[in-house]
Amino acid sequence: MEKETALELSGAEQPKKKKKLKSFDKKNGQLIWWLMLLPGLIFTLIFRYGPMFGVIISFQEFGLGSTSFFGNEWVGFDNFTYAFQLKAFGQSIVNTLIIAGSKTVLGIVVPLILALLINEVGSKWFAKIVQTTYFLPFFLSWVILGGIFNQMFSYNGIINTLISLFGQEKILFMLDNNWFRAIIIISDIWKGMGYNMIIFLAAITGVDMSLHEAAEIDGANRLQRVWHITLPGILPTVALLSTLAISGILNGNFDQVYIMYNPMVYKGGDIIDTFIFRQISDNLDNGMGVSSAVGLMKSFVGSILVGGTYYFAYKKFGYRIF
């Protein structure tokens, strides 16, 4: 009787010990993941959130000669008022909206069409060659591509040489505001379309093939299957990329524009980022303060656009990050 009681007691204690061990292992497992996350978290806090303290110079008279955030004259919203009074700032906003807006829309539409077309190609080896060809420009920097495009569209470049062969007058592409703006948009789409195309192709492979088979049996042609099955199936991916793209609608791609533009096309090619950069060098007394004020306004508007786009994607397509 005593032995049975002892066995029962030992049997009752054993599960409790196992539960404690499982709980301990679970806590330690979570701790390891948090420790792995810690370096990235520290990096983000130092280099992302730390510099936000610098927005204080938006409300100060801060030039290249200023050495610290303290001891400078406090000017309130004068830097914002001064920026809005500049004619070049208003033109840079218009240029940014036209250039970045066109890049945002075409940067989704063009890769989406290419992905749908490549998905319908029967020859797999040909589809892979096309994918690689479109994706390669993504790895080239604008330092290289900017020089190539400047040479191609120069007065004696290959494009004007071909135009003159057909008996037409040469065009000053890089000195004409309208042509320059078009070149900036088209070249950016050409460089980046391969990246989004790969994402769309990956999303298309996740569409249930049984739906296509059922639609084919019902007599649906390829275009109907694409419109009613493939596109609805990848809408969450389209919504995600659109949300991410909207966040950069005020970024006209500084690297590209700065490398390719010149004073003759400031009217049609000067964007907010290049305006900020020029303010620092042109206004030595308070250029940093004005540039910081413009950058702060840009960030604030960008945050509103991201939040609005995310809310629209959630309501319309049921897309959510968390």
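Because the structure is a prediction, the values reported are computed rather than measured. (Residues numbered from 1 in each chain as written. Predicted model: local features only at pLDDT ≥ 70, side-chain atom pairs only at ≥ 80, totals over all residues. Heavy atoms only, no water.)

Trainee: Explanation requested: the overall build of the chain in the structure shown.
Mentor: In terms of helices and strands, the chain carries 14 helices and zero strands. Starting at the N terminus and walking to the C terminus, you meet the elements of the chain as α-α-α-α-α-α-α-α-α-α-α-α-α-α. The burial tally for the chain puts 33% of its 322 residues in the buried class. Relative to all contacts within the chain whose residues are 6 or more apart in sequence, the contacts with residues 24 or more apart total 67%. By element, 68% of the accessible surface of the chain is carried by carbon and sulfur atoms, the whole surface being about 20,800 Å². (Helix = DSSP H or I, 4+ residues; strand = E, 2+ residues; numbered from the N terminus. Buried < 20%, exposed > 50% of the residue type's maximum accessible area, 1.4 Å probe, protein only. Contact = heavy atoms within 4.5 Å. Areas by Shrake-Rupley, 256 points an atom, 1.4 Å probe, with all protein chains shown as cover.)

Trainee: Explanation requested: the nonpolar core in the structure shown.
Mentor: Across soluble globular proteins, nonpolar side chains show a tendency to be buried alongside one another. Membership of the largest hydrophobic core comes to 21 residues, with the highest contact counts inside it found for L112, A115, I118, M197, F200, I234 and V238. Elements with a contribution of two residues or more to this core: α3 (87-119), α4 (124-135), α7 (177-205), α9 (222-233) and α10 (235-246). Sequence-distant contacts of M197, defined by excluding residues within four places in its chain, comprise P111, L114, A115, I118, Q131 and Y134. Of all hydrophobic cores here, the second largest spans 18 residues; its members include I99, I185, I189 and I271. (Core = buried A, V, L, I, M, F, W, Y, C linked by side-chain atoms within 4.5 Å.)

Trainee: Would you take a moment to explain the packing of α4 against α7 for this structure?
Mentor: Describing two packed helices takes the angle between their axes plus the distance from one axis to the other. α7 packs onto α4 with a crossing angle of 140° between their chain directions and a minimal axis gap of 7 Å. Taken together, α4 and α7 sit at an angle that is classed as oblique. Contacts between α4 and α7 involve Q131, Y134 and F135 from the former and M193, G194, Y195, M197, I198 and L201 from the latter. (Axes fitted to C-alpha atoms, helices over the stretch in contact; angles between N-to-C directions. Parallel < 35°, antiparallel > 145°, perpendicular 65-115°, else oblique.)

Trainee: Just checking my understanding: could you explain α10 for this structure?
Mentor: Note: α-helices contain 3.6 residues per turn, so residues at a spacing of three or four share the same orientation. Compared with the 16 Å implied by 1.5 Å per residue over 12 residues, the 16 Å span of α10 between its first and last C-alpha is a close match. Listed as buried for α10 are V238, A239, L241 and T243. (Expected span 1.5 Å × (residues − 1).)

Trainee: Looking at this structure, how should I read a negative patch on the surface?
Mentor: A contiguous patch of negative charge, built from E61, E73, D78 and D285, is present on the exposed surface. Of note, D285 is situated in the loop between α13 (272-282) and α14 (287-317). Classification of D285 by relative accessible area gives exposed; the value is 61%. (Patch = residues over 30% accessible without salt bridge, like charges linked within 9 Å, V, L, I, M, F, W, Y side chains within 5 Å. Salt bridge = Lys/Arg side-chain N within 4 Å of Asp/Glu carboxyl O. Lys, Arg positive; Asp, Glu negative; His and termini not counted. Charge placed at Lys NZ, Arg CZ, Asp CG, Glu CD.)

Trainee: Help me out: how do you make sense of the packing of aromatic side chains in this one?
Mentor: Here a ring pair, both rings aromatic, is described through the centre-centre distance and the interplanar angle of the planes. This structure, assessed with the given rule, holds 21 aromatic pairs. Judged by centre distance (5.1 Å) and plane angle (45°), the rings of Y261 and Y266 are tilted. Overall, Y261 belongs to the buried group, its relative accessible area being 10%. Among the residues examined, Y266 registers a relative accessible area of 28% and is labelled partly exposed. An aromatic cluster of at least three residues, connected via ring pairs, comprises F149, F153, F173, W179 and W190. Sitting over the face of the ring of F138, K191 holds its NZ or CZ atom 5.5 Å from the ring centroid. (Phe/Tyr/Trp six-rings, centres within 6.5 Å; stacked < 30°, edge-to-face > 60°. Lys NZ or Arg CZ within 6 Å of the ring centre and 35° of its normal.)

Trainee: Sorry, what's going on with helix α5 (residues 142-152) here?
Mentor: Of the residues making up α5, those classed as buried are W142, L145, G146 and F149. Around the axis of α5, the buried residues are gathered within 105° of arc, so they sit on the same side. When the buried face of α5 is taken as reference, the exposed residues oriented beyond 90 degrees from it are V143 and Q151. (Arc of directions from axis to C-beta.)

Read these as layout, nothing more, since geometry by itself doesn't imply function.
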